[in-house]
Amino acid sequence: MLGQTMSNPRYRVRHEHSQRILRARDRHVACAVLLAIGAGTLACCATPAAHSKWQPPPWSSNGAGVVTIERAKGAADSSPEPETAADEEALQLADVVGREVMPGRIRNDGTRVQARYMEIPGATAFNARVRAILDDAIASSNATYTPEIFDASAGLSDRGCVAGVLSWPAAQVLSDTRTGPLEGTGTSIVCEIRTAFDSVIGVSFRTITGAPDEVDRDLTVTMFVDIETNEVIAGDELWTADAAARFWMRIAETARREANGLSSAPLSPPNAEQLKRAKRALDSVVYSAGNGATLTIPPGFSASELEALGLEPAVDAITATIDAAALAEWESDAAKSLFERRSEPFSGLPEWRADTPVDCKFVACVAVTYDDGPSIHTQQLLDTLRTDHAPASFYMLGSAANQRPDLVSEAAASGFEIGSHTMTHTDLTSLKPQAARAEVLDAARVLGDITGSPVTTYRPPYGAVNNAVLSAVNQPAILWTIDTLDWKDPGVDELVRRSADAAKAGDIILFHDTHADSVNAAGAVMRRLRDRGLTPVTVSTLFGGTVPTGTVFGR
Amino acid sequence: MTTKPEPKPRPRVLLLSGLLLGGILVGYVATFAPAHWAHLQERTSTGTEKFELGGNAQVIAPQGWHVRPLVRELVSWPPLPPLHDYSAMFGAHTGVVITSPDGVLTVEMHWGNEASFESMRTESGAPKEESELPPPDNGEWRTEQLASGAALTHTDSDTAIFAVLRPKGKTNDEAAVGVLARTNGPGIEAYRPALSDVLEQVSASE
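Residues numbered from 1 in each chain as written. Chains lettered and ligands numbered in written order. Predicted model: local features only at pLDDT ≥ 70, side-chain atom pairs only at ≥ 80, totals over all residues. Heavy atoms only, no water.

## A closer look at the overall build of chain A
Here is the rule: Under the scheme used here, helices are H or I runs from DSSP no shorter than 4 residues and strands are E runs no shorter than 2 residues, and both carry numbers assigned from the N terminus. Only protein chains enter the area calculation, which uses a 1.4 Å probe; residues under 20% of their type maximum are buried, those over 50% are exposed, and those in between are partly exposed. Should any heavy atoms of two residues lie within 4.5 Å, those residues are considered in contact.
For chain A, the count of helices and strands is 19 helices and 18 strands. Taking all 555 residues of chain A together, 49% fall into the buried category. Partitioning the contacts of chain A with sequence separation of at least 6, the portion at a separation of at least 24 is 71%.

Structure follows, in structure tokens:
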């Protein structure tokens with residue numbers, strides 16, 4: 001049957017046609033199934049559209065602003081720091097503040113203290129705090145303090161703050177001869193000007209105690225003084241009552257995130273030891289140009305939550321940089337009021353004066369005096385002394401003063417001490433008492449009329465004085481302990497040797513500003529005195545403002 | 001002329017097609033279907049709904065995040081597609097996958113034990129169990145207590161975090177919630193706060 005069917009040509013054609021149709025249908029069905037599977041697969045694999053504008057949230061902060069932390073290098077690293085941007089800023093600040101500060105330096109081997117500090121003319125409250133820092137360091141040595149002097153090679157005329165010293169490793173401060181105590185063991189006090197704006201100066205004082213291989217203490221305190229109001233803000237006064245705790249929590253939170261902590265559980269508050277560290281960090285504040293600040297947390301920072309994250313107590317100091325927003329949360333109202341003026345340019349310091357008080361029980365003082373002027377050389381002498389910020393005392397002749405009253409005024413205006421040297425340079429012991437009195441007091445009157453201030457001391461010509469003269473004049477007769485014999489014109493170098501190399505604390509040195517070499521030697525004399533650790537002062541300052549009666553040779 | 005009968009070849013074609021289709025379907029169900037089914041279940045979280053992780057543990061996904069059931073790989077036999085756990089298709093709590101709204105961060109979470117966390121651990125590149133590591137001060141494993149009271153142990157890389165979370169009240173259990181968080185390219189650092197929020201929302205009922 002099938003064979004008969006297939007032998008029929010017309011059937012064969014229809015059969016083949018049907019086969020083609022069936023194969024086509026099968027293909028269509030198969031395609032449809034595959035398409036359905038493919039569509040279903042695509043549909044199932046499709047994901048909801050991503051929300052491209054969504055941003056992952058940041059960590060919820062426990063305070064305003066940004067705080068970043070950096071682990072400091074260890075104390076064992078004593079390699080000197082290269083000059084950095086911080087050093088440049090410090091140098092620029094020193095230029096802004098100018099030379100009118102009073103740079104100080106004490107090297108005292110007996111107590112193993114070297115201090116480089118600064119005082120500000122007229123800022124008595126600030127200067128008192130500086131003195132307190134120095135006294136604390138000396139007291140902690142448990143040794144008796146007596147001002148010490150050295151030979152000129154000590155180089156102690158390099159005084160005052162050191163730009164960049166706050167960033168030096170502690171070991172370097174101790175071991176550097178410019179800043180360190182005897183043999184690097186003891187106490188160093190250094191300072192750096194941190195800011196100057198409007199009438200405000202900020203100065204940091206750093207006290208380091210120990211030895212280069214074992215630093216026991218490294219504490220920095222920053223003080224701000226308003227030189228117009230004599231108000232000082234420092235230490236705790238800069239911060240709110242809870243600033244230390246809040247600062248600590250902020251640092252701990254930052255450390256937790258940096259250690260890949262995922263917990264949002266509140267951190268435990270700091271214990272007493274950690275709170276103490278936080279307070280020391282606040283004391284170390286260094287304000288930056290961008291209205292933020294840097295604080296240094298002493299080694300040992302830790303928290304139980306951090307230890308669970310694998311962070312052991314920090315063996316090194318941690319530097320925390322905080323921005324203005326974070327700082328504003330912790331500053332006291334007094335600090336905010338002070339720093340409101342931060343954008344104002346620095347108003348400057350008063351001009352230097354020779355009669356600025358100096359404590360001659362604390363530093364080794366020497367009084368340099370000049371007789372017989374004013375002369376043709378006196379202007380040069382005044383210029384030199386003002387440039388070097390070197391106090392001196394002038395015993396002037398009344399007759400010379402009448403001829404050059406402008407020099408008398410100029411000397412008095414800069415605070416140089418002026419005393420009478422008589423009207424005509426007569427040996428007072430050769431005169432009757434009344435005449436001797438007139439010689440001295442007439443000159444004093446001339447000088448007083450020119451300067452507007454009474455003249456209350458005198459130097460007898462040739463040093464000649466007796467009881468009759470003393471009684472008649474009734475003023476302290478200022479003599480000397482070192483006579484340079486400059487009237488013999490021995491030369492500049494010899495004058496320096498006879499005066500500065502020979503001087504000791506309490507001496508009064510005699511020069512005459514009528515001799516060119518004496519005037520030419522002035523700068524070198526003052527420098528040599530300071531290199532040895534001596535501080536030039538006026539005669540009155542030598543005696544604490546109250547000159548003894550009778551004949552006065554020295555302190 | 002008489003009508004001739006239809007040719008026999010069509011039933012065989014249909015039979016072969018059916019067998020082929022059946023094979024494809026069986027293979028599909030065993031390999032791709034669980035994942036495709038999971039994708040079909042994906043929805044956007046309201047921020048209040050609890051999602052089961054197994055073992056009485058749940059998580060509340062943040063609002064706007066996408067949540068779908070977790071389908072784990074049971075057998076891997078390259079080059080063939082892996083065999084997936086299809087029990088989720090029948091109501092088992094096999095865990096969840098939570099995806100951030102921007103699609104970058106995915107967080108897989110399920111209740112289980114160390115053996116069941118093996119694939120997660122391997123995928124994250126994490127080292128072996130905490131007990132086999134050197135002491136924690138090598139910085140690789142971290143232990144914390146979350147604000148929820150749960151104990152979290154985790155190890156982190158640039159794009160993935162593998163963690164074991166023991167909810168409050170179950171800190172002594174051997175079983176816990178295994179967590180694998182990873183990003184699809186960007187570093188995971190920016191997503192750590194968001195991940196923290198998710199982890200804090202894990203809890204266990206009594």
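Read on, since the account is not over.
## Remarks on the sheet that holds strand 5 (residues 200-211) of chain A
Residues and elements named next belong to chain A. Filter applied, for reference: A pair of strands is labelled paired if DSSP reports no fewer than 2 bridges between them. For helices, the fitted axis covers only the stretch in contact; all axes are lines through C-alpha atoms, and the angles between them, taken along N-to-C directions, range from 0 to 180 degrees.
Across the sheet, 6 strands lie side by side as 2-3-4-5-6-7; this open sheet has mixed pairing. Single-partner strands in this sheet number two, and they are strand 2 (102-108) and strand 7 (231-234). The average angle at which neighbouring strand axes cross in this sheet is 20°, direction not considered. Where strand 3 (residues 113-119) meets strand 4 (residues 186-197), 3 bridges bridge the pair, whose relative direction is parallel. For Gln114, the partnering residue across the bridge sits in strand 4 and is Ser188. Sitting on the sheet, helix 4 (residues 124-139) touches strand 3, strand 4, strand 5, strand 6 (214-226) and strand 7, and the angle it makes with strand 3 is about 175°.

## Here we look at the state of the cysteines
Residues and elements named next belong to chain A. So the rule is basically this: Only a pair of cysteine sulfur atoms within 2.5 Å qualifies as a disulfide here.
For the structure on display, the rule yields 2 disulfides over all chains. Here Cys161 engages in a disulfide with Cys191; their sulfurs sit 1.9 Å apart. Residues Cys161 and Cys191 are joined through a disulfide that is left-handed, its torsion about the S-S bond being -115°. One end of the pair, Cys161, is in the loop between helix 4 and helix 5 (170-175); the other, Cys191, is in strand 4, with 30 residues separating them in the sequence. Here Cys161 falls in the partly exposed class, since its relative accessible area comes to 24%. Taken N- to C-terminal, the disulfide-bonded cysteines of chain A are connected 1-2, 3-4.

## Examining the sheet that holds strand 9 (residues 293-297) of chain A
Residues and elements named next belong to chain A. On the basis of which strands lie adjacent, the open sheet formed by 4 strands has the order 1-10-9-8 and antiparallel pairing. Here the strands that pair on one side only, and so sit at the sheet edges, are strand 1 (67-71) and strand 8 (286-287). Relative to strand 9, strand 8 is paired through 2 bridges, and the arrangement is antiparallel. By the bridge assignment for strand 9, Val286 is matched with Thr294. Packed on one face of the sheet, helix 6 (residues 243-258) meets strand 1, strand 9 and strand 10 (318-322) and runs near 70° to strand 1.

## Considering the packing of aromatic side chains
Residue and element names in this part refer to chain A. Our working rule: Here a pair means two rings of Phe, Tyr or Trp (six-membered ring of Trp) with centres within 6.5 Å. Their orientation is stacked below 30 degrees between planes, edge-to-face above 60, and tilted elsewhere.
Throughout the structure, instances matching the rule amount to 13 aromatic pairs over all chains. Between Phe224 and Phe339, the ring centres sit 5.0 Å apart and the planes meet at 90°, which makes this aromatic pair edge-to-face. With Phe224 in strand 6 and Phe339 in helix 10 (residues 333-339), this pair connects stretches of sequence that are 115 residues apart. Just as Phe224 is buried, Phe339 falls in that class too. Both rings, one in Tyr370 and one in Phe511, keep their centres 5.5 Å apart while their planes meet at 20°; by these two values the pair is stacked. Placement of the pair is Tyr370 in strand 11 (residues 364-371) and Phe511 in strand 16 (residues 508-512), with a sequence separation of 141 residues. Each member of the pair, Tyr370 as well as Phe511, is classed as buried. One aromatic cluster in this structure is built from Trp352, Tyr370, Phe394, Phe416 and Phe511.

## Some words on unusual backbone geometry
Following Gly373 of chain A, the chain continues to Pro374 of chain A via a peptide bond in cis, the omega torsion being 0°. Within the secondary structure, Pro374 of chain A sits in the loop between strand 11 and helix 11 (378-387). Not every positive phi belongs to a glycine, and His389 of chain A is a case in point at roughly 50°. With respect to the helices, strands and loops of the structure, His389 of chain A is situated in the loop between helix 11 and strand 12 (393-396). Looking at His389 of chain A, the relative accessible area reads 11%, which means it is buried. The phi dihedral of Asn56 of chain B falls on the positive side, at around 65°, and the residue is not glycine. Its place among the elements puts Asn56 of chain B in the loop between strand 2 (50-54) and strand 3 (57-60). The class of Asn56 of chain B is partly exposed, set by a relative accessible area of 40%.

## Notes on the side chain of Asn260 of chain A
As for its position among the elements, Asn260 of chain A is in the loop between helix 6 and helix 7 (272-283). In this structure, Asn260 of chain A is in contact with Arg142, Glu144, His154, Asp156, Glu189 and Arg192 of chain B, ignoring residues within four places of it in sequence.

## Brief notes about the pairing of strand 12 (residues 176-183) of chain B
All names here are of chain B. Counting buried positions along strand 12 gives 7 out of 8 residues, so the element sits mostly inside the fold. Here strand 8 (residues 105-112) runs beside strand 12; their pairing, made up of 8 bridges, is antiparallel. Across the sheet, residue Val107 finds its bridge partner in strand 12, namely Ala181. Direction of pairing for strand 11 (residues 160-166) relative to strand 12: antiparallel, over a ladder of 6 bridges. Each residue of the ladder has a partner; that of Val164, found in strand 12, is Gly178.

## Some details on the confidence of the model for chain B
Residue and element names in this part refer to chain B. To keep things clear, this is the line we draw: Values of pLDDT, ranging from 0 to 100, describe the predictor's confidence in every residue of the model.
Chain-level pLDDT for chain B is 80 on average; 82% of the residues reach the 70-or-more range. Within chain B, helix 3 (residues 118-124) has the poorest average pLDDT of any element, 68, and helix 4 (residues 192-200) the best, 96. Taken as a whole, residues 129-139 scores under 50 in pLDDT and shows 8 contacts with residues more than four places along the chain or in a different chain.

## Details of a nonpolar patch on the surface
Note the following rule: Residues forming no salt bridge and having over 30% relative accessible area are the ones grouped into patches, like charges within 9 Å of each other and nonpolar side chains (Val, Leu, Ile, Met, Phe, Trp, Tyr) within 5 Å. Where accessible areas are quoted, they stem from the Shrake-Rupley method and a 1.4 Å probe; at the residue level, only the protein chains shown are allowed to cover. The salt bridge definition used is simple: a Lys or Arg side-chain nitrogen within 4 Å of an Asp or Glu carboxyl oxygen.
Where nonpolar side chains cluster on the molecular surface, the patch consists of Leu15, Leu16 and Leu19 of chain B and spans about 340 Å² of accessible area. With respect to the element layout, Leu16 of chain B can be found in helix 1 (residues 9-31).

## Here we look at helix 7 of chain A
Residues separated by three or four positions in an α-helix point in the same direction, a consequence of the helix having 3.6 residues per turn. Note the following rule: Between the first and last residue of a helix there are one fewer steps than residues, each counted as 1.5 Å, and that sum is the expected span.
If you check helix 7 of chain A, its first and last C-alpha atoms are 17 Å apart, about what 12 residues at 1.5 Å a residue would give, namely 16 Å. Buried positions along helix 7 of chain A lie against strand 6, helix 6 and strand 9 of chain A.

## As for the confidence of the model for chain A
Chain-level statistics for chain A give a pLDDT mean of 89 and a share of 88% at 70 or above. Counted against residues more than four places away or in other chains, residues 74-83 of chain A, with its pLDDT under 50, gives 15 contacts.

## Points about the packing of helix 11 of chain A against helix 13 (residues 405-413) of chain A
All names here are of chain A. The cut-off we apply is this: Working rule for angles: under 35 degrees goes down as roughly parallel, over 145 as roughly antiparallel, 65 to 115 as roughly perpendicular, anything else as oblique. Crossing handedness: left-handed means the near helix sits turned counterclockwise from the far one by under a right angle, and right-handed means the same turn made clockwise.
Two elements in contact, helix 11 and helix 13, have axes whose closest approach is 10 Å; the angle formed by their N-to-C orientations is 15°. Between helix 11 and helix 13, the angle falls in the class roughly parallel. Our pair here, helix 11 against helix 13, has a crossing hand that is left-handed. Where helix 11 abuts helix 13, its residues Thr378, Gln379, Leu382, Asp383 and Arg386 lie against Leu407, Glu410 and Ala411.

## A word on the pairing of strand 2 of chain A
All names here are of chain A. Taken across its 7 residues, strand 2 has 5 buried, putting it largely inside the fold. The sheet contact formed by strand 2 and strand 3 spans 7 bridges and is antiparallel. Across the sheet, residue Arg107 finds its bridge partner in strand 3, namely Gln114. With antiparallel pairing between neighbouring strands as the criterion, strand 2 and strand 3 make up a hairpin whose turn holds 4 residues, including Arg112 at a positive phi of roughly 55°.

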